[in-house]
Amino acid sequence: MMMAVLWLLIGFVLMETFSWWIHKYVMHGVLWKIHKTHHQHTKGYFELNDLFTLLFGGIAVTLILLGASALDYRFWMGCGISLYGLLYFFLHDVLIHKRLNLLGRPKTKYLRAITKAHRDHHKTNEKDDAVSFGLFIVPKKYFSEEGKN
Ligand SMILES: [Zn+2]
Ligand SMILES: [Zn+2]
């Protein structure tokens, strides 16, 4: 059981690291054409950028299926990635971008810091001058600037 929780956490933490990296170097790099639809949203509910959600979701489902019979590390890592994806969806898509009208304004200090950091990421609609690519790991300054803005 301990190992299960450990692999689940590893899956979660790896996703934050991996998605930070892919966001900074790939999405704001060679795949900007796709990710741009999230920064320069025009019309319609879906963005071409949602393809990344399908990709990450596909990786999680594949791991879960591969590890399902043995209930080994692949299964739990897949669960960790799914948990990450679910929380990412609620924070990034619902709370910050209001794709669903479920959550109001961010109520805790941490959620306000996440929101602020991601708003900063969206300050630019361009490929090269963006900041703050992660989601859950928030730079300290977004906590200390509470009250400003
Ligand atoms: Zn971006
Ligand atoms: Zn965003």
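Bear in mind that the values here come from a model prediction, so they are computed numbers and not experimental data.

Draft legend 1. Representation of helix α3 (residues 51-67). Here α3 is 17 residues long and its end C-alpha atoms lie 24 Å apart, about the 24 Å a rise of 1.5 Å per residue gives. Among all positions in α3, only F52, F56, A60, L63 and G67 are buried. Projected down its long axis, α3 carries its buried residues within an arc of 70°, all on one side. Along α3, exposed side chains directed more than 90 degrees from the buried face belong to L54 and L65. In this structure, the buried residues of α3 make contact with α1 (2-30), α2 (32-39) and α4 (73-96).

Draft legend 2. Layout of the coordination of the zinc ion (ligand 2). The coordination sphere of the zinc ion (ligand 2) contains the protein donors H38 (NE2), H92 (NE2), H97 (NE2), H118 (NE2) and H122 (NE2), at a distance range of 2.0 to 2.3 Å. Sequence spacing among the residues donating to the zinc ion (ligand 2) works out to H-x53-H-x4-H-x20-H-x3-H. Residue H38 is found in helix α2, and its partner H122 is found in the loop between α5 (109-121) and α6 (141-144); the two are separated by 84 residues along the sequence. Here H38 and H122 have matching classes, each one buried.

Draft legend 3. The arrangement of the side chain of H92 in detail. Among the secondary structure elements, H92 is positioned in helix α4. With relative accessibility at 5%, the residue H92 sits in the buried group. A polar side-chain atom of H92 sits 3.2 Å from a polar atom in the side chain of D93. Looking at H92, its side chain comes within polar contact range of the side chain of H118, at 2.9 Å. Setting aside anything within four residues of it in sequence, one finds H92 in contact with H38, H97, H118, H122 and L135.

Draft legend 4. Region of interest: the side chain of E47. By the secondary structure assignment, E47 is in the loop between α2 and α3. In this structure the side chain of E47 is engaged in a polar contact, spanning 3.1 Å, whose partner is the side chain of H38. With sequence-adjacent residues up to four places away left out, E47 is seen in contact with T37, H38, H41 and R99.

Calculation notes
- Residues numbered from 1 in each chain as written.
- Chains lettered and ligands numbered in written order.
- Predicted model: local features only at pLDDT ≥ 70, side-chain atom pairs only at ≥ 80, totals over all residues.
- Heavy atoms only, no water.
- Helix = DSSP H or I, 4+ residues; strand = E, 2+ residues; numbered from the N terminus.
- Expected span 1.5 Å × (residues − 1).
- Buried < 20%, exposed > 50% of the residue type's maximum accessible area, 1.4 Å probe, protein only.
- Arc of directions from axis to C-beta.
- Contact = heavy atoms within 4.5 Å.
- Donors = N, O, S within 2.8 Å, 3.2 Å for Na, K, Ca; no water.
- Polar contact = N/O pair within 3.5 Å; in protein donor to acceptor, adjacent residues only side chain to side chain.

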